[in-house]
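What follows is the residue order along each chain.
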Amino acid sequence: MYFKSKKVSFFNFLLLYLFLITTFSSISYTVFIENFKTLENNKNTKEINLVLKNMNKTMKEITKKTNEYSYWDETFNFINTRNDKYIQENFRQHTSTLEELNLDLIIYVNLENEIVFSKKDKKISSSDFIQKVSLISLNSMEFNTLGQIDSKIFYLRKSKILKSDGSGKSNGFIYSVKIIDESFLEQYKEIFSNLKFALSESEQKTNMVDFSFLHNVNINTSIKENNFINQIEFYDIFDNYVFSLEMTNPMLIFEKGKQTIFLYNITVAFLLLIILVVLSRKQEDLFKNNMKLETEVNERTAKLNKYITIVNKYVTTSSTDLEGKITHVSEAFCRISGYSKKELLGRTHNIVKHEDMDPSIYVNLWDTISADKKWIGEIKNKKKNGEAYWVLANIEPIYSSNGKKIGYTSIRQEITDKKRVEKLSITDKLTQLYNRVKIEEIFAIEIAKFHRYNTSFSLILIDIDFFKEVNDTYGHNVGDLFLREMADLLKSSVRIEDVVGRWGGEEFVILSNNYTIEGVLCLAEKIRKNVEAYEFSTIGHKTISIGVSILNKEDTQETMIARADKSLYHAKKTGRNKVCLH
């Protein structure tokens, strides 16, 4: 009976062991394998872009060197006179000219497309090749393209021959050719396990890309037997197929990732097997040890689940499709926004958009991520209850395993407290107006705008008449209340684009642009009358004196403030409750 019970118990433990290992392996594989796929895909894309960027760089260098000859008066004169001196000086005496230019062929033709002169490298043996190259034309247009003639693949630049006087007069063209041969492949053989030329075109152009000098490139990427099979197809300026590069890129990171996951699972399996053996040898404590094993397994599973869900709980993330509709949100996102997942899924982020945000920020955001770039910036959002909060958002495209962009993902960090601290650093605590530090910062910006765009800019300096009597008569609490009322009255007396700040003590300052002299004086007088007519709490009516200065070309911040201060002094000296401009 003991042995029978022992066999049954061992069999149960074996079933439990196999179940746990299978479950754990499946979860760990699912969690980690996508990360390795993403790394592998990014590496493959980076290496393809390396090839294309180098080709684009070569085309750029060919263009630059060709233009140096084509925009030269001596070249222009040569086309007209066919003077042998030009050839003697530039080609015959310098037999390495093509090598120095890194070219294999250069052709001069007139406007009738007649070849005036050509110089070829030993790679080109056929004169028919030269003739065929000279017939590649888009009338009078300059262009860069790739071409293929007589099984030779090459870069081609066509440039107008122009006079340097800026008249735009042309009397011919220069064709520059650089052959693409096996030496091109050699530099990338350490990156790709198999790299070769091909002349077979795929059925669809699924991922056409352009560079500044290299155009009409179609990238097809597939995965076969743990290898990226990349076929880069090149088309000429007429959209005709030229050639392909077939690149095989082994998925080493992915394979290493699978090995890492396998070793990880083996390690866990080995640990569980040891536990099983120990428990099977202690029949008298079978139940107790079985509970212990279940506890250990649950703890390990909880840790694994914690790793899986930690991002969901504590990191504010969301994903959208290409149209901006939300496809996934973390619990942290729901918590900070106040919306449930059901309320968010299928909606756009406009649901948390705050009306204070500048629309141009969102335009820049979409322009950036639509160009497959990462956007990082601060965004003010609104919770479901209407409360505002700030986040630092990191938004970038997401791609499927075959490299196709399928949407966007965002990771956010709440920075509401940081923004509050920033506001406190630039805000006068008593009046909630900008403080002197912020005013001086805006002052400097406005002066720079004046010098760059010739915009008008004026300074209004305000001092409360006999303010000391308020504190002496009514106490500092009433004085503080009066200053807050004065701040609110000043803000309501100016335009929304005008900047109101506390300069210090009982002095206030207003920065205003796009006003004439008459306009700013009219604004200052309006403010003076509004204050004179207003009945303040406890103390009743008060008046202010105002000094005005208009920014001149020779002004600095210090001179402009000094002139406004002088105007204010004159206003107070001559009776107060008035506006002065010096």
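Above: the structure in question.
Residues numbered from 1 in each chain as written. Predicted model: local features only at pLDDT ≥ 70, side-chain atom pairs only at ≥ 80, totals over all residues. Heavy atoms only, no water.

1. Remarks on the sheet that holds strand E17 (residues 499-504)
Next, step 1: The strand order across the open sheet built from five strands is E17-E18-E16-E19-E20, with neighbouring strands paired in mixed fashion. Both outer strands of the open sheet, E17 and strand E20 (579-581), are each paired with one neighbouring strand and no more. Averaged over all pairs of adjacent strands, the angle between their axes in this sheet comes to 25°, without regard to strand direction.
Next, step 2: Here three bridges tie strand E19 (residues 544-550) to E20, and the two strands are oriented parallel to one another. Pairing of Gly 547 across the sheet is with Cys 580, part of E20.
Next, step 3: Lying on the sheet, helix H16 (residues 517-533) is in contact with strand E16 (457-464), strand E18 (507-513), E19 and E20; it crosses E19 at an angle near 165°. (Pairing = 2+ DSSP bridges. Helix = DSSP H or I, 4+ residues; strand = E, 2+ residues; numbered from the N terminus. Axes fitted to C-alpha atoms, helices over the stretch in contact; angles between N-to-C directions. Contact = heavy atoms within 4.5 Å.)

2. Re the sheet that holds strand E6 (residues 194-198)
Next, step 1: Spatial strand order, E6-E10-E9-E8-E7: five strands in an open sheet with antiparallel pairing. Every other strand in the sheet has two partners, leaving E6 and strand E7 (208-209) as the edge strands with one partner each.
Next, step 2: Where strand E9 (residues 227-235) lies against strand E10 (residues 241-250), nine bridges are found, and the strand directions are antiparallel. Looking across to E10, one finds that Ile 232 is bridged to Leu 245.

3. Some remarks on the packing of aromatic side chains
Next, step 1: Here the structure, examined in full by the defined rule, presents 18 aromatic pairs.
Next, step 2: Between Phe 78 and Phe 117, the ring centres sit 6.3 Å apart and the planes meet at 85°, which makes this aromatic pair edge-to-face. Within this pair, whereas Phe 78 is found in helix H2 (residues 73-81), its partner Phe 117 is found in strand E2 (residues 115-120), the two being separated by 39 residues in sequence.
Next, step 3: A centroid spacing of 5.5 Å and a plane angle of 80° characterise the contact between Phe 443 and Phe 457, whose relative ring orientation is edge-to-face. A residue pair is termed long-range when its members are at least 10 positions apart, and Phe 443 in helix H13 (residues 436-453) and Phe 457 in strand E16 qualify at 14 residues.
Next, step 4: According to the relative accessible area criterion, Phe 443 is buried, its value standing at 1%.
Next, step 5: When its relative accessible area of 2% is taken as the criterion, Phe 457 is described as buried. (Phe/Tyr/Trp six-rings, centres within 6.5 Å; stacked < 30°, edge-to-face > 60°. Buried < 20%, exposed > 50% of the residue type's maximum accessible area, 1.4 Å probe, protein only.)

4. Re helix H5 (residues 127-134)
Next, step 1: Considered for burial, the residues of H5 that qualify are Phe 129, Ile 130, Val 133 and Ser 134. The buried residues of H5 occupy one face: seen down the axis, they fall within an arc of 130°.
Next, step 2: Of the surrounding secondary structure, the elements contacted by the buried residues of H5 are strand E1 (105-110), E2, strand E3 (143-149), strand E4 (152-162) and strand E5 (170-180). (Arc of directions from axis to C-beta.)

5. Quick word on the pairing of E18
Next, step 1: With six of seven residues buried, E18 lies mostly within the body of the structure.
Next, step 2: Looking at chain direction, E16 and E18 are connected through seven bridges and run antiparallel. For Phe 457, the partnering residue across the bridge sits in E18 and is Asn 513.
Next, step 3: Examined bridge by bridge, E17 and E18 share five bridges and lie antiparallel to one another.

6. Observations regarding the packing of helix H14 (residues 467-474) against helix H15 (residues 476-492)
Packed helix pairs are specified by the crossing angle of their axes together with the interaxial distance, meaning the distance between the axes.
Next, step 1: As a packed pair, H14 and H15 sit with axes 7 Å apart at the nearest point and diverge in direction by 140°. With respect to H15, the element H14 is oriented oblique. Packed against H14, whose contacting residues are Phe 467, Val 470, Asn 471 and Tyr 474, the element H15 presents His 476, Val 478, Gly 479, Phe 482 and Leu 483 at the interface.
Next, step 2: Tallied by class, the residues present in the contact of H14 with H15 amount to six nonpolar, three polar and no charged. (Parallel < 35°, antiparallel > 145°, perpendicular 65-115°, else oblique. Nonpolar A, V, L, I, M, F, W, Y, C, P; charged D, E, K, R; others polar.)

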